Amino acid sequence: MLGKRKNIDQLASNDWDLLVIGGGITGAGVMLEAARRGLKVLLVEQRDYAWGTSSRSSKMVHGGLRYIAQGDVKLTRHSLLERERLLKELPGLVERATYLFPLRKGVFPGRWPMKAVLWLYDFLAGIRDHRYLSLQQVKERAPALNAEGLTGAMCYTDALTDDCRLVMRTLLEACGRGGEAGNYLQVTRVERENGGFTIALHDLANDQTGKVRARQVVNATGAWADRFSGSEARVRPLRGSHLFVDPQRLPVNDCLTVMHPDDGRPVFVFPWEGVTCVGTTDLDHPQDMDIEASASSQEVDYLLKLINSQFPGRDISRDDVFATIAGVRPVIASGKGVDPSKERRDHAVWGDNGVVTVSGGKLTTFRLIALDALLATGLIDEATHRRGQKSKAPMYSPVPAAPAAVDDFLHANQDDDDFFAWILSQESVQHLDDLMLRRTRLGLTQPRAGEAILQRRREQIQAALGWDDTLWDTELNRYLQIHEQFYGVPAVTMENRKAG
Ligand SMILES: Cc1cc2nc3c(=O)[nH]c(=O)nc-3n(C[C@H](O)[C@H](O)[C@H](O)COP(=O)(O)OP(=O)(O)OC[C@H]3O[C@@H](n4cnc5c(N)ncnc54)[C@H](O)[C@@H]3O)c2cc1C
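Please read all numbers here as calculations on a predicted model, not as lab measurements.

Trainee: Can you help me understand the overall build of the protein chain in this one?
Mentor: Of regular secondary structure, the protein chain possesses 18 helices and 18 strands. Relative to the globule expectation of 23 Å for 500 residues, the C-alpha radius of gyration of the protein chain, 22 Å, shows essentially globular dimensions. With the principal axes as the frame, the protein chain shows a C-alpha extent of 70 × 55 × 45 Å. When burial is assessed residue by residue, the protein chain has 57% of its 500 residues classed as buried. Considering only residue pairs separated by 6 or more positions, the protein chain has 72% of its internal contacts joining residues 24 or more positions apart. Of the roughly 20,600 Å² of accessible surface on the protein chain, a fraction of 50% belongs to carbon and sulfur atoms. Positive and negative charge centroids in the protein chain, built from 62 and 65 side chains respectively, lie 7 Å apart.

Trainee: Help me understand the site of the ligand, please; the structure alone is not making it clear to me.
Mentor: Contacts to the ligand come from 37 residues, most closely from Thr26, Glu45, Ser54, Met60 and Thr364. Here an oxygen atom of the ligand and a side-chain polar atom of Thr26 are 2.7 Å apart. Separating an oxygen atom of the ligand from a backbone N or O atom of Thr53 is a distance of 2.9 Å. Taken together, the elements giving at least two residues each to the shell around the ligand come down to helix H2 (25–36), strand E8 (185–193), strand E11 (235–245) and strand E16 (321–332). Its residues assigned to classes, the shell around the ligand shows 12 nonpolar, 20 polar and 5 charged. Each of domain 1 (8–54 + 164–234 + 345–390) and domain 2 (99–161 + 238–340) gives at least three residues to the shell around the ligand.

Trainee: What is the right way to look at the side chain of Ser428 in this model?
Mentor: Relative to the helices and strands, Ser428 is located in the loop between helix H13 (417–426) and helix H14 (432–439). Owing to a relative accessible area of 9%, Ser428 belongs among the buried residues under this scheme. At 2.9 Å, the side chain of Ser428 and the side chain of Asn183 are in polar contact. A distance of 3.2 Å separates polar atoms of two side chains, one belonging to Ser428 and the other to Gln430.

Trainee: Honestly, the packing of helix H4 (residues 73–89) against helix H5 (residues 111–125) in this entry has me stumped. Any pointers?
Mentor: To describe two helices that pack against each other, one gives the angle between their axes and the distance between the axes. Direction vectors running N to C along H4 and H5 enclose 55 degrees, while the axes themselves pass 8 Å from each other. By the angle between their directions, the pair H4 and H5 is classed as oblique. In the packing of H4 onto H5, the handedness of the crossing is right-handed. Packed against H4, whose contacting residues are Val73, Thr76, Arg77, Leu80, Leu81, Arg83 and Glu84, the element H5 presents Tyr121, Leu124 and Ala125 at the interface. Its residues assigned to classes, the contact of H4 with H5 shows 6 nonpolar, 1 polar and 3 charged.

Trainee: Any chance you could explain the side chain of Asn146 here in plain terms?
Mentor: You can see Asn146 is positioned in the loop between helix H6 (135–141) and strand E6 (150–161). A polar contact of 3.0 Å, which involves the side chain of Asn146, links it to the backbone nitrogen of Glu148. Side-chain polar atoms of Asn146 contact the backbone oxygen of Ser309, separated by 3.0 Å. Apart from residues no more than four positions distant in its own chain, Asn146 is found in contact with Arg104, Ser309, Gln310 and Pro312.

Trainee: Any chance you could explain the domain arrangement of the protein chain here in plain terms?
Mentor: Interfaces are often sized by the accessible area lost when the parts come together. Partitioning the protein chain into domains gives domain 1 (8–54 + 164–234 + 345–390), domain 2 (99–161 + 238–340) and domain 3 (414–487). When each unit is reduced to the centre of its C-alpha atoms, the spacing between domain 1 and domain 2 is 32 Å. Contact with domain 1, which involves 17 residues of that partner, is made by 14 residues of domain 2. Across the interface of domain 1 and domain 2, roughly 1,300 Å² is buried in total on both sides, 52% from carbon and sulfur atoms. Where Arg227 meets Asp290, a salt bridge forms, and the shortest distance between an N and an O atom there is 2.9 Å. Counting the contacts that link domain 1 with domain 2 gives 6 residue pairs in polar contact (both at pLDDT 80 or more). Residue composition of the side of domain 1 that touches domain 2, by class: 7 nonpolar, 5 polar and 5 charged.

Trainee: Teacher, can you tell me more about the packing of H4 against helix H10 (residues 366–377) here?
Mentor: Where H4 contacts H10, the axes come no closer than 9 Å and their chain directions differ by 110 degrees. Looking at the two axes, H4 sits roughly perpendicular to H10. Listed contacts from H10 to His78, Glu82, Arg85 and Leu86 of H4 are Phe366, Arg367 and Leu368. Each residue belonging to the contact of H4 with H10 can be placed in one class, and the counts come to 3 nonpolar, 1 polar and 3 charged.

Quick notes on the rules
Residues numbered from 1 in each chain as written. Predicted model: local features only at pLDDT ≥ 70, side-chain atom pairs only at ≥ 80, totals over all residues. Heavy atoms only, no water. Helix = DSSP H or I, 4+ residues; strand = E, 2+ residues; numbered from the N terminus. Rg over C-alpha atoms; globule rule 2.2 N^0.38 Å. Buried < 20%, exposed > 50% of the residue type's maximum accessible area, 1.4 Å probe, protein only. Contact = heavy atoms within 4.5 Å. Areas by Shrake-Rupley, 256 points an atom, 1.4 Å probe, with all protein chains shown as cover. Lys, Arg positive; Asp, Glu negative; His and termini not counted. Charge placed at Lys NZ, Arg CZ, Asp CG, Glu CD. Near = heavy atom within 4 Å. Polar contact = N/O pair within 3.5 Å; in protein donor to acceptor, adjacent residues only side chain to side chain. Nonpolar A, V, L, I, M, F, W, Y, C, P; charged D, E, K, R; others polar. Domains from an automatic or database assignment. Axes fitted to C-alpha atoms, helices over the stretch in contact; angles between N-to-C directions. Parallel < 35°, antiparallel > 145°, perpendicular 65-115°, else oblique. Left-handed = near helix turned anticlockwise from the far one by under 90°. Buried area = accessible area lost by both parts, 1.4 Å probe. Salt bridge = Lys/Arg side-chain N within 4 Å of Asp/Glu carboxyl O.

Put into structure tokens, the structure is as follows:
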């Protein structure tokens, strides 16, 4: 368990084998793979766990059909094998989901090319789980879908998760195996000294500074990676945004892949934790990375246009959107200035002055990425790396004394008494946004930022976190402001109005 958060002095009393910078899925994976091998590992995250891209993905644990289409069979195969492993190890948190790829007259790819791709996709995963659905069958499963030119659909399976809970589950496992983690601990400098590293930290929870020492450092800061890599910039930050839509207004049963009417890009519309999720966009993100990413008004319009072209009877507007979320993908740039959607999605590991930097890749392949990063530190050798890649040994054990919701999150009632109490005592909640946007997703899946739930749970939260009324008011204002600014629905701008 993460338990009580430690201050810098307490953390400095240890000499760490490994310090991991970044509490997203990559950092959590490195931490777990190191802790599993008996290394003394500390992970620090500048904001909250999974605050970066790892709470803002499309939630798919998948091989990625587009990677096959781009000819990247190796990445697809590795991803699919990791998908199957996670499905087996974390049922209730990583769940098989049905995907529909609607087929339309005269639109590529048609039934037979899709069938060939899906055959290969299933073959690489070692399953057989795709079939053709007739027009009538598609209409039964997705009655609101635009029927113009529709001829049927290809149906296959992939997996969905809660990316944030996957990070938390991985951190909990790593801490259970002797690792240590701290949120709101920002690395401000890394210096090589006496054959190891001295790392300067700023504790943002109580505004203290201090230093810790470690034998090796892994920089797993995703889209922020260039700040500590010591090499020339390699990350091309690409923003992707999603809408969380009222499920009463846009109900869907399956994950649908539909094409945007303007540019033909595939976009997912899928059921997730009780709401309908729509995304993603794919744009360069030149904005300051110290400011939380948010969906622009143009991106909201783009996604609404997609919805209304694919579900024409629904007339979905900004009023039907509970929340938005934007993530910055750490794509390793080809340097060729290609269209964002054409950049490859694999990870890279590189080093300078001993700091190992790992960035790019996918949520799905975090275990393999972690092994590559550990190999580069020299903390594991080639043989251990090879064995790790092929190993079928389980990564996760049950979390002792945890309520079922921790392992069965996708089915759980997130507003459950025991679950709430456990999160508040065990998962290092520092602010209300940690609780509402990441430990639970109530701030995204409930109308009006889930404020009604917060008011009902006010007493429990104050008692558990030791907040008096003044602090409660400060926290509530902070949360509502963050929600409105970065997770809300931006208004229509004059520019959009003219363009529309
Ligand atoms: C829109 C979108 C959709 C996606 N969909 C999918 C999908 O469906 N399936 C899939 O497999 N992958 C998907 N991905 C990719 C996946 O989300 C990312 O590859 C993954 O989350 C990256 O994790 P990370 O840990 O490397 O980075 P992050 O999650 O961003 O973690 C890096 C962390 O480092 C922290 N940090 C930065 N600087 C410091 C510092 N100085 N000190 C301490 N901490 C610091 C940051 O705060 C951040 O939390 C998607 C990505 C995007 C953007």
